[in-house]
Amino acid sequence: EGKYGTLPPIMSGKITTHGHHSIRYGSVEVRAQIPKGDWIWPAIWMLPEASRYGAWPRSGEIDMMESRGNTYAGSGSNHGVNQVSSTLHWGSDAGHNRYAQTTNHKENANLWSSAFHTYRLDWTSTHLITYVDNAEMMRIPVPNEGFWNRGHFPGHDIW
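Everything in this summary refers to the structure shown in the same document. This structure is a prediction, so every number in the text was calculated from the model and none was measured.

### Description of the nonpolar core
- Counting residues in each nonpolar core, the largest one holds 20 residues, and the members touching the most others are Ile62, Val84, Leu88, Tyr119 and Leu121.
- Those elements that provide at least two residues to this core are strand E2 (43-46), strand E3 (61-66), strand E4 (83-89), strand E6 (117-123), strand E7 (127-132) and strand E8 (135-141).
- Excluding anything up to four places from it in sequence, Leu88 contacts Glu61, Ile62, Tyr99, Thr102, Leu128, Met138, Ile140 and Phe147.

### Details of the side chain of Ser67
- Position of Ser67 among the secondary structure elements: in the loop between E3 and E4.
- Look at Ser67 and you get buried, because its relative accessible area is 1%.
- A polar contact of 2.8 Å, which involves the side chain of Ser67, links it to the backbone oxygen of Gln83.
- Not counting chain neighbours up to four residues away, the residues in contact with Ser67 comprise Ile34, Trp41, Pro42, Gly80, Val81, Gln83 and Val84.

### A word on the pattern of salt bridges
- With the rule as written, the count across this model stands at two salt bridges.
- Across the pair Asp122 and Arg120 runs a salt bridge whose closest N-O atoms are separated by 3.3 Å.
- Overall, the relative accessible area of 16% leaves Arg120 in the buried class.
- Where Arg139 meets Glu136, a salt bridge forms, and the shortest distance between an N and an O atom there is 2.9 Å.
- Of the residues examined, Arg139 reaches a relative accessible area of 47% and is grouped as partly exposed.
- With a relative accessible area of 33%, Glu136 lands in the partly exposed category.

Calculation criteria
- Residues numbered from 1 in each chain as written.
- Predicted model: local features only at pLDDT ≥ 70, side-chain atom pairs only at ≥ 80, totals over all residues.
- Heavy atoms only, no water.
- Core = buried A, V, L, I, M, F, W, Y, C linked by side-chain atoms within 4.5 Å.
- Buried < 20%, exposed > 50% of the residue type's maximum accessible area, 1.4 Å probe, protein only.
- Helix = DSSP H or I, 4+ residues; strand = E, 2+ residues; numbered from the N terminus.
- Contact = heavy atoms within 4.5 Å.
- Polar contact = N/O pair within 3.5 Å; in protein donor to acceptor, adjacent residues only side chain to side chain.
- Salt bridge = Lys/Arg side-chain N within 4 Å of Asp/Glu carboxyl O.

This is the structure:
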């Protein structure tokens, strides 16, 4: 506990390629050791170079890896540093983010924070697949009917 009952300062890091490099299809691989500690939310995200379709999540977000630093994150299930997940965020607006249709996770009783791990995204015109240490974590086929129809959004397909 910090001074006057406040949280102690938290150090954060960020690496960005915005304005320097972008991809549409290909592979991205990151080797990292995620931190352990309360109030930490380690993540490896990919955001669009430009929000061509509008505000988040209309233009999408790819979470290659996301976790929690807590050893026990509560909410009725333990999903702290013993769990990493991958998610696609997409929707007509923030209130209609259909990420629950495009997410998955992996458990590790030894805690993901105890060692370095390799996180990878393979992205083609037909699928997105994420891996942790070469074990598939999430596989999302690009739907033939498109994501707009998969999400059952009303109105005109913006994508």
